[in-house]
Amino acid sequence: MNNNQNNQNNNFFNNNPLLAFALFSIVIILIFKAFIGDGEGLGTMVGDKSTSMTKQVSYSDVKTLIKEGKITSVKLTPMAIEAIGSDNGRNVRYIAQNVPAVDKDLIPLLDEKNIKYEGIMGGGWLSELIGMMLPIIIFFAIWMFLAKRMQKGMGGGILGIGKAGKLINGEKPETRFSDVAGVEEAKEEVKEIVDFLKYPERYMELGAKIPKGVLLVGPPGTGKTLLAKAVAGEASVPFFSVSGSSFIEMFVGVGASRVRDLFEQAKKDAPAIIFIDEIDAIGKSRASGANFGGNDEREQTLNQLLAEMDGFGTNTPVIVLAATNRPEILDAALLRAGRFDRQVLVDKPDYEGRLEILKVHSKDVKLSGKVDMAAIAKATAGLAGADLANIINESALLAGRLNKKEIEQSDLMEAIERAFVGLEKKNRKINDLEKKIVSYHESGHALMAELTEGATRVTKVSIIPRGLGALGYTLHLPDEENRFLKQKKELLAEIDVLLGGRAAEEIFVGDISTGAGNDLQRATAIVKDMISVYGMSDVAGLMVLEKSQNSFLGGGMSQKDYSEKTAEKIDEAVKSLLGEHYAHVKQTLGEYADAIEEMAKVLLEVEVIEGSRVRAIIEAYEQERGMPSRLAHHAKIAKEQREAI
Ligand code: ADP
Ligand code: ZN
């Protein structure tokens, strides 16, 4: 993408024809006025100081004057003719513009009348040339000046060009890791970057490749920017921050050139951190966002970014941190090795996290000793760090308005209420009923995961909304990483676990919700694949019905080569298998009803529970009833399997 510099010029004209034309016209008009104007220019160039009067006349007038003998000398240029003569005893300078190009009679006439004449080629030719070139030169001067301004981003400027300029600063931030709370795992993951930046030589001597790009993924306001800043602050390196969207507002070509400048600066000041907020604005998948035109700017900027990241060697200690809350729409090229190949989740804080964040932010305000921060943390489920910071500040404003000396609990509660009112509009707050539904739903998943042979066990259950869509989640990590084969037993177990959410809603809430949509989709897909791809059913036997194609590219398009009748049969089989499993899941949940109740209660209270807690609840329940422990059975089988591998 080295030719971007050249493209830039063309694009500037192409995309701003009006502006270019306007500038050009103004300059041309000014130049013509100044140089050609009304002939004064010529007059002063070839004029005779002793003349006392100048008259504009036509060419034929001049010829008539010559014939009448009123002219004493003539100066000729290709553009004009200047004749000195006298009129009633006064010296007069006659000037005629627009001289005909060819007049064979003129010179013989001058000879005949014995008039002194001379041709002044130089002056006229030069002035003509300057007149032609100068507008162009001035135009380019102005244009380069504008381009410079945009690149440097001095802000303001003509037509608001260079709005984003202020963002390239490269200061060393004061922020430290202690300012970032409630995102401990994310903090752990970026800590090693600080070390790379502090002691780059150490790693280079060992031949280690320093990571170039780290993607911070998480909902808005969770502290991604803050974390990036803290990395720079801890490492004491310059922090270059830009917003992805700021590249796009500008003229085509400018975004790319700003990316180039940004990296140039950072490399000069290396070790350094470049932070790109909202990287999705430039990094949107080229396939997905294919609207007509208008994408040039983004595409160019993205290409430039990729080129820059590939361009600097692994021994340049510049690390690019980028933030997004929509990692799924990013162009795959961005996530490739050597680019943003590391992802760090910066999630919304749980209860403990919120408490930590509230503490960090209440350091700067005057709190009454009676404030119960734990209660505040409890009341703010689902809120992000930025919301919490806001609540503290808002409570200070409220207390100030009431002329209090300290912030009291009531001010904080009032501030929370206001925050939620604002958020409800943005649809980010989950109400109590939703929370209850999600608690049962996730408990259903968790229970099935623990009791079903072949299922992966629960790592963590959470009812904290994860930004987009999912209101809660149950995290399962397989015992062994990198497994490529799945047994039929495991696929069936997966189906049971997926159905657990919906079944729990039906049994314990008494109604079903849309929350299970994704689970059901996945369960259906598994059953379908078992039948038509893996040959695991009686319907098709070993006959593979679908050649699965590259599902990354075609969006899961597969070739069907079977009849309508077979299709019907498959549909029937899928439905009946799902139905059977659903009945089984409901029965299991029914048998463990009190365990589910307990789990949901704990979840409602603390929002996130570890897998060990889930198992403890189930174990206690089984022991209380003196039932044969399915949990223990599952654990034993899982252990045997692990050892066999
Ligand atoms: P993001 O970049 O994820 O949208 P920011 O880093 O811009 O979020 O957060 C905005 C502000 O909210 C921060 O400057 C800080 O005051 C507060 N904040 C957000 N998350 C946290 C956190 N985890 N710890 C402390 N403060 C936070
Ligand atoms: Zn679910």
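Residues numbered from 1 in each chain as written. Chains lettered and ligands numbered in written order. Predicted model: local features only at pLDDT ≥ 70, side-chain atom pairs only at ≥ 80, totals over all residues. Heavy atoms only, no water.

> Would you explain the packing of aromatic side chains in this entry?
Aromatic rings considered in pairs are described by the distance between their centres and by the relative angle of their planes. Within this structure, the stated rule accounts for four aromatic pairs. A ring pair is formed by F196 and Y203, whose centres lie 4.6 Å apart and whose planes are at 75°; its orientation type is edge-to-face. Look at F196 and you get buried, because its relative accessible area is 6%. Overall, the relative accessible area of 19% leaves Y203 in the buried class. Residues Y592 and Y621 carry aromatic rings whose centres are separated by 5.4 Å and whose planes lie at 40° to one another, so their mutual orientation is tilted. Of the two residues, Y592 is situated in the loop between α21 (564-591) and α22 (593-606) and Y621 in helix α23 (residues 611-625); the sequence distance between them amounts to 29 residues. The same class applies to Y592 and to Y621, which are both buried. (Phe/Tyr/Trp six-rings, centres within 6.5 Å; stacked < 30°, edge-to-face > 60°. Buried < 20%, exposed > 50% of the residue type's maximum accessible area, 1.4 Å probe, protein only. Helix = DSSP H or I, 4+ residues; strand = E, 2+ residues; numbered from the N terminus.)

> What is the right way to look at the site of ligand 1 in this model?
The immediate surroundings of ligand 1 are formed by 14 residues, with A181, G221, K224, T225 and H361 found nearest. Residue T225 places a side-chain N or O atom 2.5 Å away from an oxygen atom belonging to ligand 1. Here a nitrogen atom of ligand 1 and a side-chain polar atom of H361 are 2.8 Å apart. Here ligand 1, which alone exposes 550 Å², has 79% of that area covered by the protein. The set of elements that each furnish at least two residues to the shell around ligand 1 consists of α9 (224-235), α14 (351-362) and α16 (385-401). Looking at the shell around ligand 1 element by element, the count peaks at three residues for α9. (Near = heavy atom within 4 Å. Polar contact = N/O pair within 3.5 Å; in protein donor to acceptor, adjacent residues only side chain to side chain. Areas by Shrake-Rupley, 256 points an atom, 1.4 Å probe, with all protein chains shown as cover.)

> Can you help me understand the pattern of salt bridges in this one?
Pairing between side chains of opposite charge can happen when their charged atoms approach one another. For the coordinates displayed, the defined rule picks out 16 salt bridges. One salt bridge connects K267 with E308, and the closest N-O pair in it is separated by 3.8 Å. One end of the pair, K267, is in helix α11 (residues 254-268); the other, E308, is in helix α13 (residues 296-311), with 41 residues separating them in the sequence. The exposure class of E308 is buried, given its relative accessible area of 9%. When the shortest N-O distance is used, the salt bridge between E506 and K586 registers 2.8 Å. Here E506 is found in helix α19 (residues 488-509), whereas its partner K586 is found in helix α21, with 80 residues between them in sequence. On the basis of relative accessible area, E506 is assigned to the partly exposed category, the value being 32%. (Salt bridge = Lys/Arg side-chain N within 4 Å of Asp/Glu carboxyl O.)

> Where do I start with the coordination of the zinc ion (ligand 2) in this structure?
Only H441 (NE2), H445 (NE2) and D519 (OD) from the protein coordinate the zinc ion (ligand 2), and they sit 2.0 Å from it. Donor residues for the zinc ion (ligand 2) sit on one chain with the sequence pattern H-x3-H-x73-D. Here H445 and H441 lie together in helix α18 (residues 432-451), a separation of four residues that amounts to about one turn. Assessed through its relative accessible area of 6%, H445 is described here as buried. (Donors = N, O, S within 2.8 Å, 3.2 Å for Na, K, Ca; no water.)

Shape is all these values report; function is a separate question.
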